[in-house]
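A look at the structure
Residue strings, one per chain:
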Amino acid sequence: MDPKILIFDTAVEAAEACGDRILELLAGARIARGVTSLAVSGGSTPRLMFQSMAMRPFDWTGVELFQVDERGVPPDHELSNFRMIRETLLGKIRIADGQVHRMRAELSAAEAAHAYEEEIRRVFDLGPAGIPVFDVIQRGMGPDGHTASLFPGEPLIANRTGIVAAVHVEKMKQDRITLLPAVLERARHTLCLVSGHDKAAALREVLRGKVNPMAWPSQIALDASAWYIDKAAASQL
Ligand code: 6PG
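Let me begin by describing the structure that accompanies this report.

Scoring rules and cut-offs
Residues numbered from 1 in each chain as written. Predicted model: local features only at pLDDT ≥ 70, side-chain atom pairs only at ≥ 80, totals over all residues. Heavy atoms only, no water. Near = heavy atom within 4 Å. Polar contact = N/O pair within 3.5 Å; in protein donor to acceptor, adjacent residues only side chain to side chain. Areas by Shrake-Rupley, 256 points an atom, 1.4 Å probe, with all protein chains shown as cover. Nonpolar A, V, L, I, M, F, W, Y, C, P; charged D, E, K, R; others polar. Pairing = 2+ DSSP bridges. Helix = DSSP H or I, 4+ residues; strand = E, 2+ residues; numbered from the N terminus. Axes fitted to C-alpha atoms, helices over the stretch in contact; angles between N-to-C directions. Disulfide = S-S within 2.5 Å. Buried < 20%, exposed > 50% of the residue type's maximum accessible area, 1.4 Å probe, protein only. Expected span 1.5 Å × (residues − 1). Contact = heavy atoms within 4.5 Å. Phe/Tyr/Trp six-rings, centres within 6.5 Å; stacked < 30°, edge-to-face > 60°. Lys NZ or Arg CZ within 6 Å of the ring centre and 35° of its normal. Left-handed = near helix turned anticlockwise from the far one by under 90°.

Our focus in this paragraph is the site of the ligand. Taken together, 16 residues lie around the ligand, and Thr45, Asp69, His146, Ala148 and Lys199 are the ones closest in. Separating an oxygen atom of the ligand from a side-chain N or O atom of Thr45 is a distance of 2.6 Å. Protein coverage of the free-state accessible area of the ligand, which is 410 Å², stands at 89%. Here the shell around the ligand is built from residues that sort into two nonpolar, ten polar and four charged.

Below, the structure is given as structure tokens:
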């Protein structure tokens, strides 16, 4: 199956459409299973999406919300993905604290990754080798084609058994925590939100180039993904 590509005039329209589709998928999954699971990314692109989602009349009952990745900083740090998610979404909706699963990046990245894996195993009721199946995973893409905190050439891109890992991103001088490919590949729905001219060249390689996730990590789960893109990011497709 090929990736589904949806192109919008503006970043706002792409973000609103992506957010609305996430809510629609969560509502459907909850009808089917009583509960539903979502993992969201950080960075700057999802801000518009979260702001839009927060204004929708959506009942967050039964939604287990997780992070795709986090920088190795405390939750009040300006680089914290959780801080951004809290400011743009969580602080504006009614969702029980127990449904929000934060990567505890104030710990060391290794400790935070271990703690997160334990939390995922608990919530998804997994055995020792189990891999969680999220109803929805929302991802972004960096100008270098990275997704989550899996950057080009990262050996963890070849990991098919792990759930969460600590990763050092040398070019950013950052330790991070990230979901691993086995989890990203099993999502029932993968929605990638990408906007801006700075993403256009990478997007061409990811969507039109040779499949090589080690070089272009955003190609992880490519076949089953839907891309919400503004015209600027789509300008080289
Ligand atoms: C992060 C994100 C990351 C993000 C891309 C795009 O921690 O930075 O989770 O994977 O999706 O880097 O970031 P922007 O939206 O800021 O371009």
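More follows now that the structure is in view.
This part is about the sheet that holds strand S4 (residues 69–71). Strand order in this open sheet of three strands is S4-S8-S7, and the pairing throughout is antiparallel. For this open sheet the edge positions go to S4 and strand S7 (164–169), each flanked by a neighbour on one side alone. Ignoring strand direction, the axes of neighbouring strands in this sheet form an average angle of 20°. Examined bridge by bridge, S4 and strand S8 (residues 174–179) share three bridges and lie antiparallel to one another.

Moving on, we get to the state of the cysteines. Under the defined criterion, the tally for this structure stands at zero disulfides. Cysteine Cys18 is unpaired, with the sulfur of Cys192 as its nearest cysteine sulfur at 8.3 Å. Residue classification places Cys18 among the buried positions, given a relative accessible area of 0%.

Okay, helix H1 (residues 11–33) next. Over its 23 residues, H1 extends 33 Å from the first C-alpha to the last, a length consistent with the 33 Å expected when each residue adds 1.5 Å. Looking at H1, one finds that the buried residues are Ala14, Ala15, Cys18, Gly19, Ile22, Leu23, Leu25, Leu26, Ala29 and Arg30. At the exit of H1 stands Gly34, carrying a positive phi of roughly 85°.

So, about the environment of Pro74. Along the chain, Pro74 turns up in the loop between S4 and helix H3 (81–88). Note on Pro74: relative accessible area 35%, which makes it partly exposed. With 30 residues separating them in the primary sequence, Pro74 and Arg104 have C-alpha atoms 7.6 Å apart. Sequence-distant contacts of Pro74, defined by excluding residues within four places in its chain, comprise Ser80, Ala105 and Glu106.

On the basis of which strands lie adjacent, the open sheet formed by seven strands has the order S1-S10-S9-S6-S2-S3-S5 and parallel pairing. Each edge of the open sheet is held by one strand with a lone partner, namely strand S1 (4–8) and strand S5 (100–101). Here strand S3 (residues 63–67) runs beside S5; their pairing, made up of two bridges, is parallel. Counted as the bridge partner of Leu65 is Val100 from S5. The strands that helix H4 (residues 109–123) touches are S3 and S5; relative to S3, the one it contacts most, it runs at about 160°.

What describes a pair of aromatic rings is the distance from one ring centre to the other and the angle between the planes of the rings. Under the counting rule described, the total for this entry stands at six aromatic pairs. Considering the side-chain rings of Phe66 and Tyr116, the 6.1 Å spacing of their centres and the 75° angle between planes classify their relative orientation as edge-to-face. Taken as a pair, Phe66 in strand S3 and Tyr116 in helix H4 lie far apart in primary sequence, 50 residues in all. Overall, the relative accessible area of 0% leaves Phe66 in the buried class. Each ring, one from Phe66 and one from Phe124, has its centre 5.6 Å from the other, and the planes form 40°; the classification is tilted. In this pair, Phe66 is assigned in strand S3 and Phe124 in the loop between H4 and strand S6 (136–139), connecting sequence segments 58 residues apart. Per residue, the accessibility class of Phe66 equals that of Phe124, and both read buried. Among the aromatic residues, those joined into a ring-pair cluster are Phe66, Tyr116, Phe124 and Phe134. Directly above the ring of Phe82 sits Arg102, whose terminal nitrogen or CZ lies 5.8 Å from the centroid.

Bringing the packing of helix H2 (residues 46–54) against H3 into the picture now. At a minimum axis separation of 8 Å, H2 and H3 run at an interaxial angle of 35°. For the pair H2 and H3, the sense of crossing is right-handed. Contacts between H2 and H3 involve Pro46, Arg47, Phe50, Gln51 and Ala54 from the former and Met84, Ile85, Glu87 and Thr88 from the latter. Grouping the amino acids of the contact of H2 with H3 by side-chain chemistry returns five nonpolar, two polar and two charged.

In short, geometric facts, not functional conclusions.
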